[in-house]
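Examination of the molecular architecture
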Amino acid sequence: MIGDISFRDYKKNDIHGLALYPATMVAPVQNIILQELLKTEQISSVFDPFHGSGTALYEALELSPDIKLIGCDINPLAHLITLVKLQGITKNITKDILELKGNLNTVEADDFSFPNMNKWFRPDITESIKKVRQSIILIKSKKNRLYFWSILSTFIRKYSNTRSSTYKLHSKDTEAIERMKNTLINDFLSSVEDNVSKFTISSSNIKLYKNDVLNQLTKFKEKTVDLSISSPPYGDNATTVPYGQFSSLALHWIDKKDLVFDGWELDNYSSIDRRSLGGNYKGLIDNEKGNLLIKPYLEKISTSKQKKVICFFKDYFIFLDELCRVTNKYIVLTLGNRTVDGININLTSITQEYLEYKNFKNIHKSNRDIPNKRIPRLTSKVNNKSVLSMNKEYVIIHRRIN
Ligand SMILES: C[S@@+](CC[C@H](N)C(=O)[O-])C[C@H]1O[C@@H](n2cnc3c(N)ncnc32)[C@H](O)[C@@H]1O
């Protein structure tokens, strides 16, 4: 049924290139899977419990304009980007872009600031972002403001003092900071204009939750979604892919009135990652099947590293239990197998076995290479030997059997 999913040449020239976000799914992969499943059965709702930048939800919308789209993410930036992609912009966008340009000519930089602003932004860049920020705040249409913020988020990152080689916040050296040419306002405006044509569809049948999915799922009734599709974190939030840390600079700048923002998210640069799946230690795993599945891995890992694995799987099995409870037909997951203490943890086969145990039969499995520039192939050193980072991702599809 589902053919080759390598899509090696896929470039985000479509709507998925709207804003930068870490570890996004590859849209055409999600598209062919959804196409196949939507044609075999009546699917009226699609749920992505970790929607990130909204890749899967957008592809579902493209294939089935009336489908109910449900998503959850703990990160306000992910929420913003996904909302923009799904709800679109208004027909007055051209007028609002003209107004935005007018505002940019008249506003003066104000005294807006946040902790460590001077560490992460050069003074002239701070001044440019302040002007853009104020110009966006003056736009009346919320939909269009959100569009402008999502575009700005990429340039905040690009013109900050942090390195582009990693998702973490890691200061560039002084020379590299001084070398940056400040064309932020022009780049922002060009991107605003270029991306408008990518908005060809939109939906009002959307329910996006900015919440911890473990909390949100307890509010869902049994079998409320037909198809769940996602790529969960793989247990490396704190190390290789800190989604929250990556987003924090943009989140500081964006007007909080335009974010779903509870207040704790920017307490420090790690707040979001700490509250994310497996982000903090909550004790041992009290799940018999789960414990059996991870035991063979734990036995080979040093005691000091075991905690990391337990931390992640404690949350992960709770998540899988809840996902199985709320999903009526299909579960589609894109997964990676990370290495801890030299041992490759096969998240894919653990998940597969667990879903089978929960009466979701595996009907498909495939894999593809991950072409990733920001996660070096050799990530860490263990006993002075370099450890390979993930270079493959796996797609598994399961169908409820009762
Ligand atoms: C692999 S990314 C998803 C990327 C997405 N598929 C895309 O294409 O952009 C995982 C997402 O899970 C979110 N996340 C992590 N822990 C979470 C939690 N406990 N509740 C909700 N979202 C969480 C992160 O913020 C991140 O956006």
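The structure contained in this document is the topic of the report that follows. Worth saying up front: this structure is predicted, and the values here are computed from it rather than measured. (Residues numbered from 1 in each chain as written. Predicted model: local features only at pLDDT ≥ 70, side-chain atom pairs only at ≥ 80, totals over all residues. Heavy atoms only, no water.)

Going residue by residue along strand 3 (residues 206-210), you find Ile206, Leu208 and Lys210 tucked away on one face and Lys207 and Tyr209 left uncovered on the opposite face. Both strand 2 (residues 68-73) and strand 3 contribute to a ladder of five bridges, which runs parallel. From the neighbouring strand, Gly71 faces strand 3, where its bridge partner is Leu208. (Buried < 20%, exposed > 50% of the residue type's maximum accessible area, 1.4 Å probe, protein only. Helix = DSSP H or I, 4+ residues; strand = E, 2+ residues; numbered from the N terminus. Pairing = 2+ DSSP bridges.)

Let's shift gears to the packing of helix 2 (residues 55-63) against helix 3 (residues 76-87). Interhelical geometry of helix 2 versus helix 3 gives an angle of 10° and a closest axis separation of 10 Å. Comparing their axes, helix 3 and helix 2 come out roughly parallel. From helix 2, Thr55, Leu57, Tyr58 and Leu61 reach across to helix 3, where they touch Thr82, Lys85 and Leu86. Residues belonging to the contact of helix 2 with helix 3 are distributed by class as follows: four nonpolar, two polar and one charged. (Axes fitted to C-alpha atoms, helices over the stretch in contact; angles between N-to-C directions. Parallel < 35°, antiparallel > 145°, perpendicular 65-115°, else oblique. Contact = heavy atoms within 4.5 Å. Nonpolar A, V, L, I, M, F, W, Y, C, P; charged D, E, K, R; others polar.)

Before going further, it helps to spend a moment on the pattern of salt bridges. Taken as a whole and assessed by the stated rule, the structure comprises 16 salt bridges. One salt bridge in this structure joins Arg122 and Asp124, with 2.8 Å as the shortest N-O distance. Given a relative accessible area of 15%, Arg122 falls into the buried group. Accessibility expressed as a relative area gives 32% for Asp124, which makes it partly exposed. Across the pair Lys295 and Glu299 runs a salt bridge, and its minimum N-O distance is 3.5 Å. Each member of the salt-bridge network shares a partner with another, and the members are Lys210, Asp262 and Glu265. (Salt bridge = Lys/Arg side-chain N within 4 Å of Asp/Glu carboxyl O.)

What follows covers the nonpolar core. Residues Phe121, Tyr147, Phe148, Leu152, Phe188 and Leu227 are the most contacted members of the largest nonpolar core, which totals 84 residues. In terms of residue count, helix 7 (residues 142-158) provides more of this core than any other element does, eight residues in total. Both domains that meet at this core, namely domain 1 (15-88 + 200-237 + 276-400) and domain 2 (93-198), each give it at least three residues. (Core = buried A, V, L, I, M, F, W, Y, C linked by side-chain atoms within 4.5 Å. Domains from an automatic or database assignment.)

All right, on to the site of the ligand then. Lining the immediate surroundings of the ligand are 20 residues, of which Tyr21, Met25, Ser53, Thr55 and Asp73 lie closest. The side chain of Thr55 places a nitrogen or oxygen atom 2.5 Å from an oxygen atom of the ligand. Take Ile74: an N or O atom from its main chain is 3.1 Å from a nitrogen atom of the ligand. About the coverage of the ligand: the protein hides 99% of its 600 Å² of free accessible area. (Near = heavy atom within 4 Å. Polar contact = N/O pair within 3.5 Å; in protein donor to acceptor, adjacent residues only side chain to side chain. Areas by Shrake-Rupley, 256 points an atom, 1.4 Å probe, with all protein chains shown as cover.)

Moving on, we get to the packing of aromatic side chains. Scanning the entire structure with this criterion turns up 22 aromatic pairs. Note on Phe47 and Phe220: the rings are 5.3 Å apart at their centroids and 50° apart in plane angle, and the pair reads as tilted. Placement of the pair is Phe47 in strand 1 (residues 45-48) and Phe220 in the loop between helix 10 (213-217) and strand 4 (225-230), with a sequence separation of 173 residues. An identical accessibility class is assigned to Phe47 and Phe220; each is buried. Ring centres 5.5 Å apart and planes at 50° place the aromatic pair Tyr354 and Tyr357 in the tilted group. Taken as a pair, Tyr354 and Tyr357 lie in helix 15 (residues 347-357) at a separation of three residues, close to a single helical turn. The exposure class of Tyr354 is buried, given its relative accessible area of 1%. Taken together, the aromatic side chains of Phe50, Phe312, Phe313, Tyr316, Phe317, Phe319, Tyr354 and Tyr357 make up a single cluster linked through ring pairs. In this arrangement the basic side chain of Arg133 is found over the ring face of Phe112, its NZ or CZ atom lying 3.7 Å from the centre. Looking at Arg399, its charged tip hangs above the ring of Tyr330, at a distance of 5.1 Å from the centre. (Phe/Tyr/Trp six-rings, centres within 6.5 Å; stacked < 30°, edge-to-face > 60°. Lys NZ or Arg CZ within 6 Å of the ring centre and 35° of its normal.)

Moving on: helix 11 (residues 243-253). Within helix 11, eleven of the eleven residues are buried, which leaves the element mostly enclosed by the surrounding structure. Taken together, the buried positions of helix 11 are Tyr243, Gly244, Gln245, Phe246, Ser247, Ser248, Leu249, Ala250, Leu251, His252 and Trp253. Turning to helix 11, the residues buried within the fold contact helix 3, helix 5 (117-120), helix 6 (123-137), helix 7 and helix 12 (271-275).

Our focus in this paragraph is the side chain of Ser271. Considering the arrangement of structural elements, one finds Ser271 in helix 12. With residues up to four places along the chain from it excluded, the contact list for Ser271 reads Trp264, Glu265 and Leu266.

For strand 2, the buried fraction is high: five of the six residues fall into the buried class. Where strand 1 lies against strand 2, four bridges are found, and the strand directions are parallel. Bridge pairing in strand 2 links Ser45 to Lys68. Tracing the backbone out of strand 1, into helix 2 and back to the parallel element strand 2 gives a crossover that is right-handed. (Right-handed = clockwise from strand over helix to strand, strands pointing away.)

A word on helix 2. Across the nine residues that make up helix 2, a large majority, seven, are buried. Residues of helix 2 that are buried include every one of Thr55, Ala56, Leu57, Tyr58, Glu59, Ala60 and Leu61, and no others.

The next point concerns the environment of Asn268. Structurally, Asn268 can be placed in the loop between helix 11 and helix 12. Classification of Asn268 as partly exposed rests on a relative accessible area of 36%. Each C-alpha atom of the pair Asn268 and Ala27 lies 32 Å from the other, and the pair is 241 residues apart in sequence.

These figures come from the coordinates and say nothing about function on their own.
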